Amino acid sequence: MKTYVFDASALFVFLQKKPAATKINELLKETLRGRTEILMSAVNYGEVYGGILRQHERDRAIATMSAVYALPIRLMDATPQRAFHAAEVKSMYKLYYVDSFAVALAIEHKATLVTSDSDFRALGHGFPIVWLKV
């Protein structure tokens, strides 16, 4: 089974109904059919909540995240081991620490990262990424 890891930008693309949201929809449908799995770090999930909170009131942010929670995305805890691995990824690729959680999770699960964030270009061409055009 193919595994994908969403970073915060992937979820923002979906929530903001940007053109690349069709790709997110496809992946969600494939996951519902049991053909793929989608993972997301709780740290990146919190980043989405924070982004919504900055633009809207708390009630709307909570309502949006409740709807997102119902999607077939498996949230993964930020364990001490994952935090250390994220720190190593940050150091190696010069990424933001929060972005490093998505990369560390993708490495841990031999998954493909799904993102629209150009900062991940630092990973190079050998790292499996689905690039969302926004």
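Summarised in this report is the structure supplied together with it. This is a predicted model, so every value here is computed, not measured.

Describing the overall build of the protein chain
Of regular secondary structure, the protein chain possesses 6 helices and 5 strands. Listed N to C, the secondary structure of the protein chain is β-α-α-β-α-α-β-α-α-β-β in terms of helices and strands. Computed over its C-alpha atoms, the radius of gyration of the protein chain comes to 14 Å, within 12% of the 14 Å expected for a compact globule of 134 residues. In terms of overall dimensions, the protein chain has a C-alpha envelope of 35 × 30 × 25 Å along the principal axes. Evaluated residue by residue, the protein chain yields a buried proportion of 43% over its 134 residues. For the protein chain, the proportion of contacts with a sequence separation of at least 24, taken over those separated by at least 6, is 59%. For the protein chain, the exposed surface amounts to about 7500 Å²; the carbon and sulfur share of it is 55%. In the protein chain, the 17 positive side-chain charges and the 13 negative ones have mean positions that sit 5 Å from each other.

With respect to the pattern of salt bridges
Counted according to the given criterion, the structure contains 5 salt bridges. A salt bridge links arginine 33 to glutamate 30, with the shortest nitrogen-to-oxygen separation between them at 2.9 Å. Classification of glutamate 30 by relative accessible area gives partly exposed; the value is 24%. In this structure, the salt-bridge partner of glutamate 37 is arginine 74, at a minimum N-O distance of 2.5 Å. Of the two residues, glutamate 37 is situated in strand S2 (residues 36–41) and arginine 74 in strand S3 (residues 74–76); the sequence distance between them amounts to 37 residues. Given the relative accessible area of 22%, glutamate 37 is considered partly exposed. With relative accessibility at 41%, the residue arginine 74 sits in the partly exposed group. Linked by salt bridges that have partners in common, Glu30, Arg33 and Arg35 make up one network.

Rules behind the numbers
- Residues numbered from 1 in each chain as written.
- Predicted model: local features only at pLDDT ≥ 70, side-chain atom pairs only at ≥ 80, totals over all residues.
- Heavy atoms only, no water.
- Helix = DSSP H or I, 4+ residues; strand = E, 2+ residues; numbered from the N terminus.
- Rg over C-alpha atoms; globule rule 2.2 N^0.38 Å.
- Buried < 20%, exposed > 50% of the residue type's maximum accessible area, 1.4 Å probe, protein only.
- Contact = heavy atoms within 4.5 Å.
- Areas by Shrake-Rupley, 256 points an atom, 1.4 Å probe, with all protein chains shown as cover.
- Lys, Arg positive; Asp, Glu negative; His and termini not counted.
- Charge placed at Lys NZ, Arg CZ, Asp CG, Glu CD.
- Salt bridge = Lys/Arg side-chain N within 4 Å of Asp/Glu carboxyl O.

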